[in-house]
Amino acid sequence: MSAADAVAVDPAVLDTLAAAGVATVYEASGRSGLVDAELAQIVPGTRVAGPARTVLCGQDDNRTVHEAMTRLRPGEVLVLTMPEPAPVALVGELLATQAKVAGAVGVLVDAAVRDVDELRDLGLPVWARYRRVRGATKRERGSLDVPVRVGGATINPGDVVVLDADGAVVVARESAAGVAAATTARLAKETGLRARLEAGELSYDLHGMRAEDEPAG
């Protein structure tokens, strides 16, 4: 099933996940879906959540990224991968411009990007494993809308990808509403804890660790 054919995720759910951010969503989802990779946030201060439009390129080749622009839909996160991550630029300013015009909310590149200054000026949120100018070939047609692996996490077409300064986490499309509800509950709990910490209480006590560590009597 392609991202375009998948049952749409409620925009309110996406807004909740994006606002909460990667760390909170990761914890609220039972510490699942972590993209365990060092990702550079190309446009500082950005955070997004959206259904994945997945791309599996040929190794060191970005022909399929160009094809993906014909399928990209507003609100999606474009997820670009290769069989093996490598410091080869799959995206630069011109491809990112197309993605922005198509309405993508973000791009996750499990390879390199280039034209970093221009990408920042463009403003489309982009995360990448590398920043390198080494160009890709355009010879091999890869696959669109297929499950891909990034940082040990499987991303299926239509799964929700959340990205911010901490990196990325993936929420299965069918679990998104439940994770959003758990995220809201976690945020409420953290708000209460924050108020108590600001009043001078200690997490060592609030989490019961002192009582566990000190001998009884």
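Higher on the page you've got the structure.
Residues numbered from 1 in each chain as written. Predicted model: local features only at pLDDT ≥ 70, side-chain atom pairs only at ≥ 80, totals over all residues. Heavy atoms only, no water.

**Student:** I tried to follow the pairing of strand 12 (residues 167-171) on my own but got confused; where do I start?
**Tutor:** Successive side chains on a regular strand alternate, one facing one side of the sheet and the next facing the other. Where burial is concerned, most of strand 12 is hidden: five out of the five residues are buried. Across the two faces of strand 12 the burial is the same, with G167, V169 and V171 and A168 and V170 all buried. Summarising the sheet, strand 1 (residues 34-35) and strand 12 pair through two bridges and their orientation is antiparallel. Looking at the pairing, L34 lines up with V169 of strand 12. Both strand 11 (residues 160-164) and strand 12 contribute to a ladder of five bridges, which runs antiparallel. Looking across to strand 12, one finds that V160 is bridged to V171. Turn length for the strand 11-strand 12 hairpin, with the two strands adjacent in sequence and antiparallel, is two residues. (Buried < 20%, exposed > 50% of the residue type's maximum accessible area, 1.4 Å probe, protein only. Helix = DSSP H or I, 4+ residues; strand = E, 2+ residues; numbered from the N terminus. Pairing = 2+ DSSP bridges.)

**Student:** In this structure, what is going on with the pattern of salt bridges? I would like to understand it.
**Tutor:** Where charged atoms from two side chains of opposite charge come close, those side chains can pair. For the structure on display, the rule yields eleven salt bridges. When the shortest N-O distance is used, the salt bridge between E67 and R141 registers 2.6 Å. Of this pair, E67 sits in helix 3 (residues 63-68) while R141 is found in the loop between strand 7 (126-131) and strand 8 (143-144), placing the two residues 74 residues apart along the sequence. Residue R210 is joined to D205 by a salt bridge in which the shortest nitrogen-to-oxygen separation is 2.3 Å. Note on R210: relative accessible area 28%, which makes it partly exposed. Residues joined in a network through salt bridges with shared partners are R53, R71, E76 and D145. (Salt bridge = Lys/Arg side-chain N within 4 Å of Asp/Glu carboxyl O.)

**Student:** Would you mind showing me how to read a negative patch on the surface here?
**Tutor:** Together, E93, D115, D117, E118 and D121 line one region of the surface with negative charge. You can see E93 is positioned in helix 4 (residues 93-102). (Patch = residues over 30% accessible without salt bridge, like charges linked within 9 Å, V, L, I, M, F, W, Y side chains within 5 Å. Areas by Shrake-Rupley, 256 points an atom, 1.4 Å probe, with all protein chains shown as cover. Lys, Arg positive; Asp, Glu negative; His and termini not counted. Charge placed at Lys NZ, Arg CZ, Asp CG, Glu CD.)

**Student:** Would you mind showing me how to read unusual backbone geometry here?
**Tutor:** Most peptide bonds adopt trans geometry, and most residues besides glycine take a negative phi value. A positive phi angle, close to 55°, is found at R31, a residue other than glycine. Inspection of the secondary structure puts R31 in the loop between helix 2 (22-28) and strand 1. Within the chain, D145 stands out as a residue other than glycine whose phi angle is a positive 55°. One can find D145 in the loop between strand 8 and strand 9 (148-150).

**Student:** Which parts of the structure should I look at to understand the environment of D61?
**Tutor:** Examined against the element boundaries, D61 turns out to sit in the loop between strand 3 (48-56) and helix 3. According to the relative accessible area criterion, D61 is buried, its value standing at 1%. Distance from D61 to R139, taken between C-alpha atoms, is 6.8 Å for residues 78 residues apart in sequence. Here D61 is in contact with M82, L90, A136, T137, K138, R139 and E140, once residues within four sequence places are set aside. A polar atom in the side chain of D61 sits 2.9 Å from the backbone nitrogen of R63. Within the structure, D61 has its side chain in polar contact with the backbone nitrogen of R139 (distance 2.6 Å). (Contact = heavy atoms within 4.5 Å. Polar contact = N/O pair within 3.5 Å; in protein donor to acceptor, adjacent residues only side chain to side chain.)

**Student:** Explain the side chain of T64 here, please?
**Tutor:** Looking at where T64 falls in the secondary structure, it is placed in helix 3. In contact with T64, other than residues within four places in its own chain, are V55, L56, C57, E140, R141, G142, S143 and L144.

**Student:** Would you take a moment to explain helix 6 (residues 176-198) for this structure?
**Tutor:** Owing to its 3.6 residues per turn, the α-helix aligns residues three or four sequence positions apart on the same side. In a regular helix each residue adds 1.5 Å, so 23 residues correspond to 33 Å; helix 6 covers 32 Å between its end C-alpha atoms and thus fits that length. Here helix 6 has its buried residues at A176, V179, A180 and T183. Looking at the buried residues of helix 6, the elements they touch are helix 1 (11-20), helix 2, strand 11 and strand 12. Looking at the residues trailing helix 6, positive phi occurs at G200, about 110°. (Expected span 1.5 Å × (residues − 1).)

**Student:** Where do I start with the environment of V171 in this structure?
**Tutor:** Take V171: it is sitting in strand 12. Taking the C-alpha atoms as reference, V171 lies 10.0 Å from G50; in sequence the two are 121 residues apart. When neighbours within four sequence positions are excluded, V171 is seen to be in contact with V25, D159, V160, A176 and V179.

By themselves these figures say nothing about function.
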